Amino acid sequence: MKHLVQKQLAQSIATLQSVLADETISDTLVTIAQVTARAMQSGSKLLVAGNGGSAADAQHLVAEFVVRLTNTRPALRAIALTTDSSILTACANDFGYDAVFARQVEALGQPGDLFLGISTSGNSPNILRALEQARKSGIITIGFSGDGGGKMRDLCDYNIIIPSTVTMNIQESHLALEHIFCMLVECEYFGS
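Every value quoted in this text rests on a predicted model; they were computed, and no experiment measured them. (Residues numbered from 1 in each chain as written. Predicted model: local features only at pLDDT ≥ 70, side-chain atom pairs only at ≥ 80, totals over all residues. Heavy atoms only, no water.)

**Side note on the pairing of strand β4 (residues 140-146)**
At step 1: Of all seven residues that make up β4, six are buried, and the element is covered over most of its length.
At step 2: Looking at chain direction, strand β3 (residues 114-118) and β4 are connected through five bridges and run parallel. From the neighbouring strand, F115 faces β4, where its bridge partner is T141.
At step 3: Taking the sense of rotation as the criterion, the β-α-β connection linking β3, helix α6 (residues 125-136) and β4 turns out right-handed. (Buried < 20%, exposed > 50% of the residue type's maximum accessible area, 1.4 Å probe, protein only. Helix = DSSP H or I, 4+ residues; strand = E, 2+ residues; numbered from the N terminus. Pairing = 2+ DSSP bridges. Right-handed = clockwise from strand over helix to strand, strands pointing away.)

**Notes on the pairing of strand β1 (residues 46-50)**
At step 1: Within β1, five of the five residues are buried, leaving the element largely enclosed by the surrounding structure.
At step 2: The alternating pattern of β1 places L46, V48 and G50 and L47 and A49 on opposite faces, both of which are buried.
At step 3: In terms of strand pairing, β1 meets strand β2 (residues 78-80) through three bridges, oriented parallel. By the bridge assignment for β2, L46 is matched with A78.
At step 4: Between β1 and its parallel partner β2, the chain crosses via helix α3 (residues 53-66), and the hand of that crossover is right-handed.
At step 5: Relative to β3, β1 is paired through five bridges, and the arrangement is parallel. Counted as the bridge partner of L46 is L114 from β3.

**With respect to unusual backbone geometry**
At step 1: Even without a glycine there, the phi angle at D147 is positive, about 50 degrees.
At step 2: Note on placement: D147 falls in the loop between β4 and β5 (158-162).
At step 3: Its relative accessible area of 44% is what places D147 among the partly exposed residues.

**Topic: the state of the cysteines**
Covalent bonding between the sulfur atoms of two cysteines defines a disulfide.
At step 1: Under the defined criterion, the tally for this structure stands at zero disulfides.
At step 2: Free cysteine: C187, not disulfide-bonded; nearest cysteine sulfur from C182 at 9.6 Å. (Disulfide = S-S within 2.5 Å.)

**Some words on the nonpolar core**
At step 1: L46, F65, L116, F144 and F181 are the most contacted members of the largest nonpolar core, which has 30 residues in total.
At step 2: If you list the elements that add at least two residues to this core, you get α2 (23-41), β1, α3, β2, β3, β4, β5 and α7 (167-190).
At step 3: The element that contributes the greatest number of residues to this core is α2, accounting for eight residues.
At step 4: In this structure L46 touches M40, F65, R77, A78, I79, L114, L116 and F181, once residues within four positions along its chain are discounted.
At step 5: In terms of nonpolar packing, the next biggest core, distinct from the first, is built from 19 residues, C91, A99, V105 and A130 among them. (Core = buried A, V, L, I, M, F, W, Y, C linked by side-chain atoms within 4.5 Å. Contact = heavy atoms within 4.5 Å.)

**Focus: the packing of aromatic side chains**
At step 1: Applying the stated criterion to the full structure yields two aromatic pairs.
At step 2: A centroid spacing of 5.6 Å and a plane angle of 70 degrees characterise the contact between F65 and F181, whose relative ring orientation is edge-to-face. One end of the pair, F65, is in helix α3; the other, F181, is in helix α7, with 116 residues separating them in the sequence.
At step 3: You can call F65 buried: its relative accessible area is 0%.
At step 4: With centroids separated by 4.5 Å and ring planes inclined at 55 degrees, the aromatic side chains of Y189 and F190 adopt a geometry described as tilted. (Phe/Tyr/Trp six-rings, centres within 6.5 Å; stacked < 30°, edge-to-face > 60°.)

**Observations concerning the environment of S121**
At step 1: The residue S121 is located in the loop between β3 and α6 in this model.
At step 2: Owing to a relative accessible area of 28%, S121 belongs among the partly exposed residues under this scheme.
At step 3: Each C-alpha atom, one on S121 and one on S192, is 35 Å from the other, the two residues being 71 residues apart in sequence.
At step 4: Filtering out sequence-adjacent residues up to four positions away, S121 remains in contact with G146, G149 and G150.
At step 5: Here the side chain of S121 touches N123 through a polar contact of 3.0 Å, landing on its backbone nitrogen. (Polar contact = N/O pair within 3.5 Å; in protein donor to acceptor, adjacent residues only side chain to side chain.)

On their own, these measurements won't tell you what the molecule is for.
As structure tokens, this is what we get:
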């Protein structure tokens, strides 16, 4: 059992080291933080969605924006599209599960907003539909994925693609980068 613990930790560390070594990821993260801060300063908002663990990431990230990450500061506009059980179940029942995020992007999104789709495979049908809707609505699209980016790669203005095919390692890297993303937005928005 101890061997399994050490093996999994080594695999997590190796994935994070690959992320650290990939300057494209760092550069893109800085760019999306700047774009997000400018959009929020203009009154726009960040919409975030994912499935399973990525749904939890969406909620976690939005909590950091609305409440705070490291410093007490005014709330930042962000909405997790994964939290309203009435919308999710009504939409899934009436239009199918693939539409649960696209329908919310259509209702809540406005030109100049940002949509962040999180999918470890890059192929989640409901994230792909939401990205398509975001593009139709004049919303900036950001993707956090892994495994080469999948189909969502071409639907995103900005991509953070973790160089891994292991779901848990992709998710661990996503969470680390999501915290840094929020921190960078705070610095850019508030000048701290």
